[in-house]
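# Per-entry structural report
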Amino acid sequence: MTTKPVDDIVRKIRDCRRLAITSHLRPDGDSLCSGLALVEAFELMGKTADYVITDPIPVPFNVFPECRRIRIGQIASTGYNAVVLLECADVSRSGQTGLDGYYKINIDHHYSNSHYADINWVDAEAPAVAELVLDLCEAAGITLTPRIANHLYCAIVSDTGSFQFSNTTARAFAACHKLVSAGAQPIETSEALFHNNRPEKVILLGRVLSTLRLNPAGTIAQIGMFRKDLIELNLREVDTEDITTLARSIMGVRVVLFFKEMEPDVFRVSIRSKGSAHAAAIAEHFGGGGHAHAAGFTVYGPFARVSVEVMVSVEALLAAQTGSSGSR
Ligand SMILES: [Mn+2]
C-alpha cells in the first residue's frame, strides 16, 4: 500500500527524539521562516529540534528576534535521529557536510530535485515550502500557534513577492487564509519584510536609479551600483531585489541589466526578464547562466565601455529571440 509522503514523515518524526533541520545556502524568507515554524512544530510534538544553516541570515531576516533560534554552522555528524532538509535539490545545496550517516527527509517545492533522501516529499505545485510545512502540521494534528502561523505566513508572503509572482495561486491564498485565521499578522509581516530599510539603503536606491538608461526602443533598462557608494554609505551587504523591481516596473521594459561593481573594472551583471525575453540565453552569450527570467554573468572593463557594449549585444539578442527589432 502506498502512503502519502507527508504521512510517512509524520510517522518517522513520531519515532524520533532529536531532530535537525537545515535548508539551502543563500537562505531566503521561505526557507528561513519555514524552518523556524518546523522547529516549533516539532517541539509541540515533544521533540528536541535544532535548526542549523550554513550561510549567514540576510536582511531583513537578520533582525527578526525569532531568527536567534537559527544556528549558523554545521550539523554534528552524530546525535540526531533524522535530518529534515528544506528546499534542497540535493544534499550539497545545504552546504552541510556531515549528513551522510543520517536518515534524511527531503521537503521541497521545486521540480529540479534529485530525490536523494529516505523520504522525499517534492511537490512542485506548492506555492512555497511553507505550504508543505503547514500540511505537515495538519497531518501531525498540531494546533497552530500564532507564532507558527506567522512564520509560515511570512514565508509565503516572501516567496510570492507579496503575492506578485507566478506562485501566487489558489493554494497560496488557501494556506494564508488558514494562517491568518490561526493568528498570523499580515500588517506586521509586511512592515517587517518590506518597510524595514535603513536610510542608507534608500539613499543607495536613489543613487542606483540615477544611473538608469534605456535603449531607444525602451525595452531594456540598465542600472549600476558602485563600490564607492556602498563604502560611503557603510552598506556591507545589501538586498537589491527591490531596486531591480523598480527598474522592471517601467512600462515596456522586458529586460533589466543590473551592473554591480565587484572590484575595479569587474561587474557582475544580473538579468531579470519578463514574458518571452529569456534571461538565461542572454547570460549564456556572456559566459554566465541562470533561469528563464533570472540569470547573471560577469564582464570586465570600465563601466562606460562595458555598459554600452552589453546594451548593444543584448538588444541584438532580444531582437533575435523575438524575431523583431526588440520593439514593445
Ligand atoms: Mn521557496
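Small disclaimer: the values here were computed from a predicted structure and weren't measured.

### Quick word on the overall build of the chain
- When you go through the chain residue by residue, the secondary structure sums to eleven helices and twelve strands.
- Taken over the C-alpha trace, the chain has a radius of gyration of 22 Å; the compact-globule value for 328 residues is 20 Å, and the two agree within 12%.
- Dimensions of the chain, computed from the C-alpha atoms along their principal axes, are close to 65 × 45 × 40 Å.
- Of all 328 residues assigned to the chain, the portion counted as buried reaches 48%.
- Residue pairs in contact within the chain that sit at least 24 positions apart in sequence constitute 62% of those at least 6 positions apart.

### Concerning the domain arrangement of the chain
- By the assigned domains, the chain splits into domain 1 (5-194) and domain 2 (199-322).
- Centre-to-centre separation of domain 1 and domain 2, based on C-alpha positions: 31 Å.

### Comments concerning the pairing of strand 10 (residues 266-273)
- Of all eight residues in strand 10, seven are buried, a share of seventy percent or more.
- Here strand 9 (residues 255-263) folds back onto strand 10, and the loop between the two strands holds two residues, one of which, Asp265, carries a positive phi near 65 degrees.
- Here strand 10 runs beside strand 12 (residues 294-300); their pairing, made up of seven bridges, is antiparallel. Paired with Arg268 across the two strands is Thr298, which belongs to strand 12.

### Focus on the environment of Gly79
- Along the polypeptide, Gly79 turns up in the loop between strand 3 (70-72) and strand 4 (82-86).
- Taking C-alpha positions, Gly79 is 50 Å from Arg207, a pair spaced 128 residues apart along the chain.
- Residue contacts for Gly79: discarding those within four places in its chain leaves Arg18 and Tyr102.

### What about the coordination of the manganese ion?
- Around the manganese ion, the protein contributes the donor atoms Asp30 (OD), Glu87 (OE), His109 (NE2) and Asp159 (OD), at 2.0 to 2.3 Å from the metal centre.
- Positions of the donor residues of the manganese ion along the chain correspond to the pattern D-x56-E-x21-H-x49-D. Of the two residues, His109 is situated in the loop between strand 5 (104-108) and strand 6 (119-122) and Asp159 in helix 4 (residues 146-159); the sequence distance between them amounts to 50 residues. Here His109 matches Asp159 in class, with each residue buried.

### Notes on unusual backbone geometry
- For the bond running from Val59 to Pro60, omega is -5 degrees, close enough to zero to count as cis.
- Here Pro60 lies in the loop between strand 2 (48-53) and strand 3.
- At Arg26, a position not held by glycine, the phi torsion is positive, near 45 degrees.
- Judged by relative accessible area, Arg26 falls into the exposed class, the value being 69%.
- A positive phi angle is found at Ser162, which is not glycine, with a value near 60 degrees.

### Considering the sheet that holds strand 8 (residues 220-225)
- Judged by pairing direction, the sheet is mixed, and its six strands sit side by side in the order 7-8-9-10-12-11 without closing on themselves. The two strands at the open ends of the sheet, each matched to only one other strand, are strand 7 (213-214) and strand 11 (289-290).
- Inspection of the sheet shows strand 7 paired to strand 8 by two bridges, in the antiparallel sense. Paired with Arg213 across the strands is Gln222, a residue of strand 8.
- Helix 9 (residues 241-248) contacts strand 8, strand 9 and strand 10 of the sheet and is inclined by roughly 145 degrees relative to strand 9.

### With respect to the side chain of Ser273
- Note on placement: Ser273 falls in strand 10.
- At 2.7 Å, the side chain of Ser273 forms a polar contact with the backbone oxygen of Ala277.
- When neighbours within four sequence positions are excluded, Ser273 is seen to be in contact with Arg248, Arg254, Val255, His278, Ala279, Ala292 and His293.

### Digging into the state of the cysteines
- Taken as a whole and assessed by the stated rule, the structure comprises zero disulfides.
- The closest cysteine sulfur to the non-disulfide-bonded Cys16 is located on Cys137, 16 Å from its own sulfur.
- Residue class for Cys16 comes out buried when judged on its relative accessible area of 5%.
- Summary of cysteine pairing: Cys154 is not part of a disulfide, and the nearest cysteine sulfur, belonging to Cys33, is at 3.8 Å.

What counts, and where the lines are drawn
Residues numbered from 1 in each chain as written. Predicted model: local features only at pLDDT ≥ 70, side-chain atom pairs only at ≥ 80, totals over all residues. Heavy atoms only, no water. Helix = DSSP H or I, 4+ residues; strand = E, 2+ residues; numbered from the N terminus. Rg over C-alpha atoms; globule rule 2.2 N^0.38 Å. Buried < 20%, exposed > 50% of the residue type's maximum accessible area, 1.4 Å probe, protein only. Contact = heavy atoms within 4.5 Å. Domains from an automatic or database assignment. Pairing = 2+ DSSP bridges. Donors = N, O, S within 2.8 Å, 3.2 Å for Na, K, Ca; no water. Axes fitted to C-alpha atoms, helices over the stretch in contact; angles between N-to-C directions. Polar contact = N/O pair within 3.5 Å; in protein donor to acceptor, adjacent residues only side chain to side chain. Disulfide = S-S within 2.5 Å.

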